[in-house]
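Each chain, letter by letter, is given below.
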Amino acid sequence: MKYINAKDLLPDALVRELQNYLQGGYLYVPTDQARQKRWGEVSGYRQELQQRNRRIVEEFQNGTSVEALAKKYFLSVSAIRKIIYQK
């Protein structure tokens, strides 16, 4: 995260108001919840995991054992079971 000087970004009146609460410190401004993306949406990793999980379920339904899937996808047996039996 890059720090930005408030004087470079905000109106003078707002900077003065903020100085009533905080002087010379750091202030984190969180993302608006309505605009915030879920984990993995920006990078596309969430979609990759969903595709992988669909393949795991399909392979299990076609007869591949849980142990074989765990070895193939480098996951634990319990992780494979969670993927297979999720809603």
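Residues numbered from 1 in each chain as written. Predicted model: local features only at pLDDT ≥ 70, side-chain atom pairs only at ≥ 80, totals over all residues. Heavy atoms only, no water.

Enquirer: How should the overall build of the protein be read in this particular structure?
Expert: The helix and strand inventory of the protein stands at 5 helices and 0 strands. The N-to-C order of helical and strand elements in the protein reads α-α-α-α-α. A globule of 87 residues ought to have a C-alpha radius of gyration of about 12 Å, yet the protein, at 23 Å, is considerably larger. The dimensions of the protein, computed from C-alpha atoms along their principal axes, are 70 × 20 × 20 Å. The buried share among the 87 residues of the protein stands at 15%. Carbon together with sulfur atoms contributes 51% to the accessible area of the protein, which is approximately 7900 Å² in total. Averaging the positions of the 15 positive and the 9 negative side-chain charges in the protein gives two centres separated by 6 Å. (Helix = DSSP H or I, 4+ residues; strand = E, 2+ residues; numbered from the N terminus. Rg over C-alpha atoms; globule rule 2.2 N^0.38 Å. Buried < 20%, exposed > 50% of the residue type's maximum accessible area, 1.4 Å probe, protein only. Areas by Shrake-Rupley, 256 points an atom, 1.4 Å probe, with all protein chains shown as cover. Lys, Arg positive; Asp, Glu negative; His and termini not counted. Charge placed at Lys NZ, Arg CZ, Asp CG, Glu CD.)

Enquirer: Which parts of the structure should I look at to understand the packing of helix H3 (residues 45–61) against helix H5 (residues 77–85)?
Expert: How two helices sit against one another is set out by the angle between their axes and by the gap between those axes. Their axes nearest at 9 Å, the elements H3 and H5 cross at an angle of 90°. Taken together, the axes of H3 and H5 lie roughly perpendicular to each other. Of the residues in H5, those in contact with Arg52, Asn53, Ile56, Val57 and Phe60 of H3 are Ile80, Ile83, Ile84 and Tyr85. Residue classes in the contact of H3 with H5 are distributed as 7 nonpolar, 1 polar and 1 charged. (Axes fitted to C-alpha atoms, helices over the stretch in contact; angles between N-to-C directions. Parallel < 35°, antiparallel > 145°, perpendicular 65-115°, else oblique. Contact = heavy atoms within 4.5 Å. Nonpolar A, V, L, I, M, F, W, Y, C, P; charged D, E, K, R; others polar.)

Enquirer: So what exactly am I meant to see when it comes to helix H4 (residues 66–73) here?
Expert: One turn of an α-helix holds 3.6 residues; hence residues three or four places apart share an orientation. Residues Val66, Leu69, Ala70 and Tyr73 constitute the buried set of H4. For H4, the buried positions fall inside an angular range of 105° around the axis, keeping them on one side. Against H3 and H5 lie the buried residues of H4. (Arc of directions from axis to C-beta.)

Enquirer: It is not clear to me how the pattern of salt bridges should be interpreted in this structure. Could you clarify?
Expert: Oppositely charged side chains can pair when the atoms bearing their charge come close. Tallied over the entire structure, the rule returns 1 salt bridge. Measuring nitrogen to oxygen at the nearest pair gives 3.1 Å for the salt bridge that ties Glu59 to Lys72. With a gap of 13 residues between them, Glu59 in helix H3 and Lys72 in helix H4 connect regions that are remote in the sequence. Using a relative accessible area of 18% as the deciding quantity, one classes Glu59 as buried. (Salt bridge = Lys/Arg side-chain N within 4 Å of Asp/Glu carboxyl O.)

Enquirer: Hey, could you run me through unusual backbone geometry in this one?
Expert: A negative phi angle characterises most non-glycine residues, just as the trans form characterises most peptide bonds. A positive phi angle, near 55°, is found at Phe74, a position not held by glycine. Along the chain, Phe74 falls in the loop between H4 and H5. Exposure remark for Phe74: the relative accessible area of 75% places this residue in the exposed category.

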